[in-house]
Amino acid sequence: MTPTTHLALINVFVGDIQGGLGPFLGTWLAQAAQWGPSQVGLVTTLVGFATLGLSGPMGALVDRLARPRLLLAVACGAILAGTLALLPARSFPAVLAAQFVAALGGTLVVPAVAFLTLGMVGKQAFPRQQGRNQAYNHVGILGAALVIGFGTPHVGPSIAFWVLGLLAAAAIVAAATTPAGAFNRRRAAGWKEDDADDAPQRSAILAVLSDRRLLILSAALALFSLSNGSMLSLIGQKLVASGQDGTGWTARYVMVAQLVMIPVALFSGSLADRRGRRLLLVVACAVLPVRAVLSALVADPLWLISAQILDGVASGVIGVAVPVVVADLTWGSGRTQTALGSVAAVQGIGGALSGWFGGLLAIHLGWTWTFLILAVPAAAALALAWWLEESCAPGGTGAAGEPCGTGAEAATT
């Protein structure tokens, strides 16, 4: 089995588990524990904020330790433990603690996989490989959603827990059996591979994180997640409130979105080299306001599938574009995963606020106005993406004409 096959398996297995129960959490708590939207939103917000401060340090841990296989196994173990602990939980403190453990592992997955990928294929092949990674990622999520969707009528909503548990265990095995020799830590950091005497100095963290382009990207992603983070969960709760099968429809929506994300991710990896990175971000942010409006105006659960197609486009593009852009802006600094974790933390602020914000809107304004208001931060994210300078245009240069990936070296101390 080739190293990239192991990488494919890792991405298949971690795809559905890195966000814990994700959109199934709201419907599970609504059906099994009779929780309302505000309670679901509050626990999501608290867990999100509790783990935000750890995203940057987790990325720094990946950069410093340079053992992504070990860190992936640890992360999946935490997700497995937290998911299983949530199964019998009904009280607010128990649900909060279980979700925190799972979320802690989830913050480590993305930088660990990105570091492992860069150490295998290098920077030049990273955009296309990231597209493949995300495609396999979505294959895993789609497979899990199929099992959950068809199994829920027979087993009940608890089937989501068992599927996630099995995937976490499989991911640990896939990470542990990946050949150690396929990974080169110097290649992953952007340092010379063939010069053992070369000892490059890591850039100062503040110098890397203060890059204006990285700040604009982070702000755009925070607004994107503020709009997008709770939308599917709110749709599921909306269907429960109207007497529909929230869990079953949520599973179907996940299937549709993931099915769309597979070709979108593959195409995005290729498009990143042929048309540049900025176009990807603009497209992802442009379709999100449309999705919010559709979710507001459409009540029929069958027609709401159209909104999930747009979710597949937006999320599929973002999953490819963000690690690639961060690598462009920080290459050679030795801080790429630190930056990726920090960007994820800022993005997570929007995601954490989304659950609380969306829950309050649903209580006080109703479902229609909730989704219409969620379109506003999506439009703001589009404006920032349009303003963002190109990190790597077709031809391998940035906005100022410098070779891609040289922006961080100027900050090296």
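Residues numbered from 1 in each chain as written. Predicted model: local features only at pLDDT ≥ 70, side-chain atom pairs only at ≥ 80, totals over all residues. Heavy atoms only, no water.

## A look at the nonpolar core
To keep it simple, the criterion reads: What we call a nonpolar core is a set of buried Ala, Val, Leu, Ile, Met, Phe, Trp, Tyr and Cys residues that are connected through their side-chain atoms within 4.5 Å. Exposure classes here rest on a 1.4 Å probe applied to the protein chains alone. A residue is buried below 20% of its type maximum, exposed above 50%, and partly exposed in between. In DSSP terms, a helix is any run of H or I states spanning at least four residues, a strand is any run of E spanning at least two, and both are numbered starting from the N terminus. Source of the domain bounds: an automatic or database domain assignment. Between two residues, a contact is recorded if the distance between any of their heavy atoms is within 4.5 Å.
Among the nonpolar cores identified, the biggest contains 101 residues, and Ile 10, Ile 17, Leu 72, Leu 217, Leu 281 and Val 326 are the most heavily contacted of them. It is helix 14 (residues 305-330) that contributes the most residues to this core, twelve residues altogether. Residue-level mapping places this core at the junction of two domains, with at least three residues from each of domain 1 (1-186) and domain 2 (205-392). Ignoring anything within four residues of it in the chain, the contact list for Leu 72 reads Ile 10, Val 109, Ala 112, Val 113, Leu 116 and Ala 175. Leu 25, Trp 28, Trp 35 and Ala 98 belong to the second-largest nonpolar core, a separate cluster that totals 13 residues.

## Observations concerning the environment of Lys 123
Relative to the assigned elements, Lys 123 resides in the loop between helix 5 (92-121) and helix 6 (126-155). Overall, Lys 123 belongs to the buried group, its relative accessible area being 16%. Once you skip the residues sitting within four places of it in the chain, Lys 123 turns out to touch Leu 118, Arg 277, Ala 327, Asp 328 and Trp 331.

## Considerations on the pattern of salt bridges
Worth spelling out the cut-off: Put simply, a salt bridge is a Lys or Arg side-chain nitrogen that is within 4 Å of an Asp or Glu carboxyl oxygen.
For the structure on display, the rule yields seven salt bridges. Where Lys 123 meets Asp 328, a salt bridge forms, and the shortest distance between an N and an O atom there is 2.7 Å. With Lys 123 in the loop between helix 5 and helix 6 and Asp 328 in helix 14, this residue pair connects regions lying 205 residues apart in the sequence. Asp 328 matches Lys 123 in its accessibility class, with the two residues each being buried. A salt bridge links Arg 213 to Asp 211; its shortest N-O distance comes to 3.2 Å. Each member of the pair, Arg 213 together with Asp 211, is buried.

## Here we look at the environment of Pro 323
The residue Pro 323 is located in helix 14 in this model. Taking the C-alpha atoms as reference points, Pro 323 and Phe 115, 208 residues apart in sequence, are found 10 Å from one another. If we ignore the near neighbours within four places in the chain, the residues touching Pro 323 are Phe 126, Gln 130, Ile 318 and Leu 340.

## Brief notes about the domain arrangement of the protein
So the rule is basically this: Note on terms: buried area is the combined drop in 1.4 Å-probe accessible area of two parts once they are placed together, counting the loss on both. Between N or O atoms, a polar contact is any pair within 3.5 Å; within protein, one atom must be a potential hydrogen donor and the other a potential acceptor, and residues adjacent in sequence are included only when both atoms are from side chains.
According to the domain assignment, the protein contains domain 1 (1-186) and domain 2 (205-392). Computed over C-alpha atoms only, the centres of domain 1 and domain 2 are separated by 18 Å. Contacts between the two partners involve 45 residues from domain 1, matched on the other side by 48 residues from domain 2. Summed over both sides, the interface of domain 1 with domain 2 buries roughly 3,900 Å², with 73% coming from carbon and sulfur. For the pair domain 1 and domain 2, the number of links is two salt bridges. For Asp 273, the salt bridge goes to Arg 128, with nearest N and O atoms at 3.7 Å. At the surface where domain 1 touches domain 2, the tally comes to five residue pairs in polar contact (both at pLDDT 80 or more). Of all elements in the fold, only helix 2 (23-32), helix 3 (37-65), helix 5 and helix 6 reach the threshold of two or more residues within the side of domain 1 that touches domain 2.

## Describing the environment of Ala 344
Secondary-structure assignment places Ala 344 in helix 15 (residues 336-387). Classification of Ala 344 as partly exposed rests on a relative accessible area of 35%. When the C-alpha positions of Ala 344 and Val 322 are compared, they lie 9.3 Å apart, and in sequence the two are 22 residues distant.

## Quick look at the packing of helix 10 (residues 212-228) against helix 14
Rule in force here: In this analysis, axes come from line fits to C-alpha atoms, helices being fitted only over the stretch in contact, and the angle between any two N-to-C directions falls in the range 0 to 180 degrees. Any angle that falls under 35 degrees is termed roughly parallel, while one over 145 is termed roughly antiparallel, one within 65 to 115 roughly perpendicular, and all others oblique. Helix crossings get a hand from a simple test, with the near helix turned counterclockwise from the far one by less than a right angle marking a left-handed crossing and a clockwise turn marking a right-handed one. Following the grouping adopted for this structure description, the nonpolar residues are Ala, Val, Leu, Ile, Met, Phe, Trp, Tyr, Cys and Pro, the charged ones are Asp, Glu, Lys and Arg, and the polar ones are all others, Gly among them.
Viewed as axis vectors pointing N to C, helix 10 and helix 14 meet at an angle of 160 degrees, and their least axial separation amounts to 12 Å. By the angle class used here, helix 10 and helix 14 are roughly antiparallel. As for how helix 10 packs across helix 14, the hand of that crossing is left-handed. Here Arg 213, Leu 214, Leu 217, Leu 221, Phe 224 and Asn 228 of helix 10 lie close against helix 14, whose contacting residues are Asp 311, Ala 314, Ser 315, Ile 318, Val 322, Val 325, Val 326 and Leu 329. In the contact of helix 10 with helix 14, the residues fall into ten nonpolar, two polar and two charged.

## So, a nonpolar patch on the surface
Inclusion rule: Patch membership needs two things, relative accessible area over 30% and no salt bridge, and members are linked within 9 Å if like-charged or within 5 Å if nonpolar (Val, Leu, Ile, Met, Phe, Trp, Tyr). Surface accessibility follows the Shrake-Rupley procedure with a 1.4 Å probe radius. Residue values consider only the protein chains on display as shielding.
On the surface, a cluster of nonpolar side chains totalling about 320 Å² of accessible area is made up of Leu 42, Leu 46, Trp 356 and Leu 360. Secondary structure elements with two or more residues in the nonpolar patch: helix 3 and helix 15.

## Some words on the confidence of the model for the protein
Detailed conclusions should not be drawn from predicted coordinates in areas where pLDDT is low. What counts is decided by this rule: The quantity called pLDDT is the predictor's confidence in a given residue, expressed from 0 to 100.
Of the residues in the protein, 92% have a pLDDT of 70 or more, and the chain-wide mean is 84. For the protein, the element scoring lowest by mean pLDDT is helix 2, at 71; helix 10 scores highest, at 94. Every residue in residues 407-413 scores below 50 in pLDDT, and together they form 18 contacts with partners more than four places removed in sequence or on other chains.

## Looking at helix 6
In an α-helix, one turn spans 3.6 residues; hence positions three or four apart end up facing the same way. Note the following rule: In this scheme, a helix's expected span is set at 1.5 Å multiplied by one less than its residue total. Fitting one axis to the seven residues ending at a residue and another to the seven starting there, the bend at that residue is the angle between the two axes.
With 30 residues, helix 6 extends 41 Å between its outermost C-alpha atoms, agreeing within 8% with the 44 Å of an ideal straight helix rising 1.5 Å per residue. Maximal helix bending in helix 6 amounts to about 30 degrees, located at Gly 149; proline Pro 153 follows within four positions. Where helix 6 terminates, the next one or two residues include Gly 156, which has phi positive at roughly 100 degrees.

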